[in-house]
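# Overview (structure and organization)
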Amino acid sequence: MTRLLALLACLVWGQAWAETLYVRPSGGSYGTENGTSYANAWDGLSSVVWNAAVTAGQVDPGDTLKVCGTFTGESDGASNASLFVEQPSVIVDADCSSDGGESTATLNGSSTILYGVLCSTAAQCQGQTWKNIKVINFVDVGFYTRNGLDDADSVGFTGTNLTCNDIIGAEGDTPWCFGGWGADATLTYAYSYRSTDDSLHWQGNNFTLDHWHFQFPGYNIAAGSQIGDCVQVITKTDNATITNGICDKRNANADGDASKQAIIIGDPCSAAGTDGEISDNVVYLPATGNTTFQSKTIYNCGDNVKIRRNFIYGGYYGIFAFGQNQTIESNILVEQEFRGIEIPTTTPGGTTNVWNNVVDGSPI
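Residues numbered from 1 in each chain as written. Predicted model: local features only at pLDDT ≥ 70, side-chain atom pairs only at ≥ 80, totals over all residues. Heavy atoms only, no water.

## So, the overall build of the protein
When helices and strands are tallied, the protein shows two helices and 29 strands. For 364 residues, the compact-globule estimate of 2.2 N^0.38 gives 21 Å, and the C-alpha radius of gyration of the protein, at 22 Å, lies within 12% of that figure. Summarising its shape, the C-alpha atoms of the protein cover approximately 70 × 55 × 30 Å along the three principal directions. Taking all 364 residues of the protein together, 52% fall into the buried category. In the protein, of all internal contacts separated by at least 6 residues, the share reaching a separation of at least 24 is 65%. Working note: accessible area of the protein is about 14000 Å², and carbon and sulfur atoms make up 50% of it. For the protein, the distance from the average site of its 16 positive side-chain charges to the average site of its 38 negative ones is 5 Å. (Helix = DSSP H or I, 4+ residues; strand = E, 2+ residues; numbered from the N terminus. Rg over C-alpha atoms; globule rule 2.2 N^0.38 Å. Buried < 20%, exposed > 50% of the residue type's maximum accessible area, 1.4 Å probe, protein only. Contact = heavy atoms within 4.5 Å. Areas by Shrake-Rupley, 256 points an atom, 1.4 Å probe, with all protein chains shown as cover. Lys, Arg positive; Asp, Glu negative; His and termini not counted. Charge placed at Lys NZ, Arg CZ, Asp CG, Glu CD.)

## Some words on unusual backbone geometry
Residue Pro-175 follows Thr-174 across a cis peptide bond; omega there is 10°. Looking at where Pro-175 falls in the secondary structure, it is placed in the loop between β11 (158-167) and β12 (176-181). The phi dihedral of Phe-293 falls on the positive side, at around 70°, and the residue is not glycine. A relative accessible area of 48% means that Phe-293 is categorised as partly exposed. Even without a glycine there, the phi angle at Glu-335 is positive, about 60°. Mapping Glu-335 onto the fold places it in the loop between β26 (332-334) and β27 (339-342). Glu-335 sits in the partly exposed class, given a relative accessible area of 32%.

## A few points about the state of the cysteines
For the structure on display, the rule yields five disulfides. Disulfide pairing places Cys-164 opposite Cys-177 at an S-S distance of 2.3 Å. Between Cys-164 and Cys-177, the disulfide has an S-S torsion of -85° and is therefore left-handed. With Cys-164 in strand β11 and Cys-177 in strand β12, this residue pair connects regions lying 13 residues apart in the sequence. In the protein, numbering the disulfide-bonded cysteines from first to last in sequence yields the connectivity 1-2, 3-4, 5-6, 7-8, 9-10. (Disulfide = S-S within 2.5 Å.)

## As for the packing of aromatic side chains
Counted by the stated rule, this structure contains 22 aromatic pairs. Relative to Phe-338, the ring of Tyr-316 lies with its centre 5.1 Å away and its plane at 15°, an arrangement referred to as stacked. Here Phe-338 lies in the loop between β26 and β27 and Tyr-316 lies in the loop between β23 (311-313) and β24 (317-321), a separation of 22 residues in the sequence. Grouped by ring-pair contacts, the aromatic residues Trp-130, Phe-143, Phe-157, Phe-178, Trp-202, Phe-207, Trp-212 and Phe-214 constitute a single cluster. (Phe/Tyr/Trp six-rings, centres within 6.5 Å; stacked < 30°, edge-to-face > 60°.)

## Concerning the confidence of the model for the protein
Interpretation of this model should avoid reading the predicted coordinates in detail wherever pLDDT is low. Summary statistics for the protein give a mean pLDDT of 91 and a share of 94% for residues scoring 70 or more. For residues 1-16, every residue scores under 50 in pLDDT, and the model assigns this stretch one contact once sequence neighbours within four places are set aside. (pLDDT = per-residue confidence, 0-100.)

## Remarks on the environment of Ser-97
Residue position: Ser-97 is located in the loop between β6 (91-93) and β7 (105-108). Along the sequence, Ser-97 and Arg-339 sit 242 residues apart, while their C-alpha atoms lie 50 Å from each other. If we ignore the near neighbours within four places in the chain, the residues touching Ser-97 are Glu-102 and Ser-103. Within the structure, the side chain of Ser-97 is placed 2.7 Å from the side chain of Asp-95, a separation counted as a polar contact. (Polar contact = N/O pair within 3.5 Å; in protein donor to acceptor, adjacent residues only side chain to side chain.)

## Overview of the environment of Gln-87
You can see Gln-87 is positioned in the loop between β5 (81-84) and β6. A C-alpha to C-alpha distance of 5.7 Å links Gln-87 and Pro-61, two positions 26 residues apart in sequence. With residues up to four places along the chain from it excluded, the contact list for Gln-87 reads Trp-50, Asn-51, Ala-52, Val-59, Asp-60, Pro-61, Gln-124 and Gln-128.

## A few points about the pairing of strand β9 (residues 129-138)
Taking burial as the measure, the 10 residues of β9 include seven buried ones, the bulk of the element. Pairing analysis gives three bridges linking β6 to β9, with the strands arranged parallel. Considered in β9, the bridge of Ile-91 is made with Thr-129. In terms of strand pairing, β9 meets β11 through eight bridges, oriented parallel. Bridge pairing in β11 links Trp-130 to Gly-159. (Pairing = 2+ DSSP bridges.)

## Digging into the pattern of salt bridges
What the rule picks out here adds up to seven salt bridges. Three or more residues joined by partner-sharing salt bridges are found here, namely Glu-277, Arg-308 and Glu-329. (Salt bridge = Lys/Arg side-chain N within 4 Å of Asp/Glu carboxyl O.)

## Section: the side chain of Ser-192
Residue position: Ser-192 is located in strand β13 (residues 185-195). Judged by relative accessible area, Ser-192 falls into the buried class, the value being 3%. With sequence-adjacent residues up to four places away left out, Ser-192 is seen in contact with Cys-164, Cys-177, Phe-178, Ser-199, His-213, Phe-214 and Gln-215.

## Comments concerning the pairing of β24
A large share of β24 lies buried, amounting to five of its five residues. Strand direction decides the pairing type here: strand β21 (residues 296-300) and β24, joined by four bridges, are parallel. Within β24, the residue paired with Ile-298 across the bridge is Ile-319. Where β24 lies against β27, three bridges are found, and the strand directions are parallel. Paired with Ile-319 across the strands is Ile-341, a residue of β27.

So this is what it looks like as structure tokens:
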């Protein structure tokens, strides 16, 4: 009973102190500029005050930061991010319509700033929520839950209504529109248009992506480059769920080949997880000119994964399913360059069920 009362007291105390604070683009005139209201918003993203203690007028764990307006070329400096979210359990919400602002905010990196929205360490990233934000013209990662590159812990991240355009930079492990590490993360209503590498790269169990539309990963890459998936969930992939999305990779590489995947779960295959799902998606690769053996439109290595009710156009393979005990059912596959559905002979045992699929226009 004593522990329960103490817990309730902490919850009530935390809720009583939770604040909503505001930031607007630099160069404005916003009253007292102490962040306590839309009219008195902080003047620019570098003016936001973060604090780990519960202090009025500073963004503490449990607070909501309202990001209102269009921010161009703004950076906090130290992290080379436009918005560096420095405390756990913070809600970053850019819907300021109830305060007289816009329903989304735009962060423009001017093709010089590395990151759009960033949390960096495992201590910072836990339990954050980001929503109603658009990032454009960054050179490394648009939305980045870096989490200290720890993919094993539970990051508890939630993102919704996030849009990312033109994350174009030097080829390497990035640039991505969405990047993240850690288990127990959910991203819904996510949009990506043009990135040098993946639209989304995540490492962590229990990751969910639902209602998404990604176009043209692998944009502006060098001849012969083998990068650019729409969705890549790797290394820690238990219960990865990719549903209700659209992927369009029908942009040619510089050498005219289309490479990589629309959706991949479990690379490398030796580290693939179990019990995932890829369902109710519409995915496109070119019908010709695909990179031999590289262009697997849907590629899964995990065990006990369900691949269901997808419409799959193009690619060298339509579905390439390596894991054990998979269910591949009710998919429609059109115009694969080599083979519609591939269950490789090196699949490590188990029984994969292939039911009620339609394959049209593929040689095999």
